[in-house]
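Residue-level structural notes
Now for the letters of each chain:
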Amino acid sequence: MKKILILFLVSVSAGAHSSECQYLKDTYNLSDSQIHNLRISHELAGDTGMGNILAAISFYESSAGINLVNKNDPSAGHHHILLSHALSYFGLEATKKNLRFVEDALIHSVGLSAHIALQELGWWLNRHKGDLFKAIRSYNQGYYWRLKSRKERTRSYNYAIKVIKKANEVEKCGWG
């Protein structure tokens, strides 16, 4: 049943018709495909109010759909979902077969990636009592405040700053 849900989410595509955002194209030299991917991320946030943040995470994490895998984490998808989180989200065991399945699903579905990213952000927002900055930091590094290394804690801080900056840039597209 869980794999059926994954397949359904993989097959769902946003009803986004690519809309130009000349500002982002010019400022960041983005392709039409990247703009389209950002627009889809924005629209997949629905009425959560997280459209700019979700698009910004895609922008930062995968260069708006260009780099869909990070073997170091490991994570995959437009929003670089940790494979371990995707497995637990669907209650799957951490077998090589399930890891490949989930990675492939995240790579091929911006909808699945966005859905899990929104779940993660929502969980962290609840954990941080609505503090979006802390939630974004945790999206990137979990319980960052428990890290012993100041360098690693600073990394999560800088990540949140960059995502919020990109969210402000995405907002200029007027997709709201």
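Everything that follows concerns the structure shown earlier in this document.
Residues numbered from 1 in each chain as written. Predicted model: local features only at pLDDT ≥ 70, side-chain atom pairs only at ≥ 80, totals over all residues. Heavy atoms only, no water.

Remarks on the state of the cysteines
Taken as a whole, this structure holds one disulfide when the rule is applied. The disulfide partner of C21 is C173, and the S-S distance across this bridge is 1.9 Å. Measuring the twist about the S-S bond at about -85°, one finds the C21-C173 disulfide to be left-handed. Taken together, the residues C21 in the loop between α1 (2-11) and α2 (22-28) and C173 in the segment after α9 (150-171) connect sequence positions 152 residues apart. Comparing C21 with C173 shows no difference in burial state: the two are buried. (Disulfide = S-S within 2.5 Å. Helix = DSSP H or I, 4+ residues; strand = E, 2+ residues; numbered from the N terminus. Buried < 20%, exposed > 50% of the residue type's maximum accessible area, 1.4 Å probe, protein only.)

Re unusual backbone geometry
Following D73, the chain continues to P74 via a peptide bond in cis, the omega torsion being -10°. Positioned with a positive phi, H80 is a non-glycine residue whose angle comes to about 40°.

Topic: the packing of aromatic side chains
On inspection of all chains with the given rule, the structure shows ten aromatic pairs. Aromatic side chains Y28 and F59 sit 5.1 Å apart centroid to centroid with 85° between the ring planes, which places their arrangement in the edge-to-face category. Of the two residues, Y28 sits in helix α2 while F59 sits in helix α4 (residues 51-62), which places them 31 residues apart along the sequence. Exposure remark for F59: the relative accessible area of 7% places this residue in the buried category. Aromatic pair W124 and W145: ring centres 6.5 Å apart, planes at 85°, arrangement edge-to-face. Linking W124 in helix α7 (residues 110-127) with W145 in the loop between α8 (132-141) and α9, this pair joins segments that are 21 residues apart in sequence. Here W145 falls in the partly exposed class, since its relative accessible area comes to 34%. (Phe/Tyr/Trp six-rings, centres within 6.5 Å; stacked < 30°, edge-to-face > 60°.)

Focus on the nonpolar core
As a rule of thumb, soluble globular proteins bury nonpolar side chains together. Ranked by size, the top nonpolar core spans 28 residues in total, and within it I53, I57, I81, V102, L106, I116 and Y139 carry the most contacts. At six residues, α7 tops the list of elements feeding residues into this core. Aside from chain neighbours lying at most four places away, what touches V102 is L83, A86, L87 and L92. Formed by eleven residues, the second largest nonpolar core is a distinct cluster that contains L24, L38, A55 and F59. (Core = buried A, V, L, I, M, F, W, Y, C linked by side-chain atoms within 4.5 Å. Contact = heavy atoms within 4.5 Å.)

Examining the side chain of S138
Residue placement: S138 occurs in helix α8. The class for S138 is buried, based on a relative accessible area of 2%. Setting aside chain neighbours within four positions, we find S138 in contact with W124, H128, Y144 and W145.

Note that every value here comes from positions in space, so none of it alone points to a role or purpose.
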